[in-house]
Amino acid sequence: MPDEHDPQQRRERQPQPESDAERRRRRAHFLRELHEAKALRDRVQPRRARAARMRQAMRMRTFRW
């Protein structure tokens, strides 16, 4: 039976800090899925998607540099 107070075992259970490449890979995967979900929502709800595009266009037109 593992001893919960053993520091050696506690150290082994802690996850290693992830590398920069691993973090970027996970982020890219998340952003791909997010984009895919937004595209699906736009196909399923075209009227709402059109309204959102129009609001975004209005925001861009009224934005002052």
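Residues numbered from 1 in each chain as written. Predicted model: local features only at pLDDT ≥ 70, side-chain atom pairs only at ≥ 80, totals over all residues. Heavy atoms only, no water.

Some words on the overall build of the chain
Phase 1 of the analysis: On a plain count of helices and strands, the chain comes out with 3 helices and 0 strands.
Phase 2 of the analysis: Secondary structure elements of the chain occur, N-terminal to C-terminal, as α-α-α.
Phase 3 of the analysis: Taken across its 65 residues, the chain has 2% of its residues classed as buried.
Phase 4 of the analysis: Total accessible area on the chain stands at roughly 7,000 Å², and carbon and sulfur atoms take up 55% of it. (Helix = DSSP H or I, 4+ residues; strand = E, 2+ residues; numbered from the N terminus. Buried < 20%, exposed > 50% of the residue type's maximum accessible area, 1.4 Å probe, protein only. Areas by Shrake-Rupley, 256 points an atom, 1.4 Å probe, with all protein chains shown as cover.)

Here's the deal with the confidence of the model for the chain
Phase 1 of the analysis: Chain-level statistics for the chain give a pLDDT mean of 82 and a share of 75% at 70 or above.
Phase 2 of the analysis: Confidence scores differ between elements of the chain, with helix α1 (residues 7-13) showing the lowest mean pLDDT of 56 and helix α2 (residues 20-44) the highest of 93. (pLDDT = per-residue confidence, 0-100.)

What about the pattern of salt bridges?
Phase 1 of the analysis: Inspection of every chain in the model, using the stated rule, returns 4 salt bridges.
Phase 2 of the analysis: Linking R26 and E18 is a salt bridge whose minimum nitrogen-to-oxygen distance equals 2.9 Å.
Phase 3 of the analysis: We classify E18 as partly exposed; its relative accessible area is 40%.
Phase 4 of the analysis: In this structure, R25 engages E22 in a salt bridge whose closest nitrogen and oxygen atoms are separated by 2.8 Å. Of this pair, R25 and E22 both sit in helix α2, separated by 3 residues, roughly a single helical turn. (Salt bridge = Lys/Arg side-chain N within 4 Å of Asp/Glu carboxyl O.)

Things to note about a nonpolar patch on the surface
Phase 1 of the analysis: A surface patch of nonpolar side chains, amounting to about 260 Å² of accessible area, comprises F30, L31 and L34.
Phase 2 of the analysis: On the secondary structure map, F30 appears in helix α2. (Patch = residues over 30% accessible without salt bridge, like charges linked within 9 Å, V, L, I, M, F, W, Y side chains within 5 Å.)

Details of the environment of T62
Phase 1 of the analysis: Positionally, T62 belongs in helix α3 (residues 46-62).
Phase 2 of the analysis: A distance of 3.3 Å separates a polar side-chain atom of T62 from the backbone oxygen of R59. (Polar contact = N/O pair within 3.5 Å; in protein donor to acceptor, adjacent residues only side chain to side chain.)

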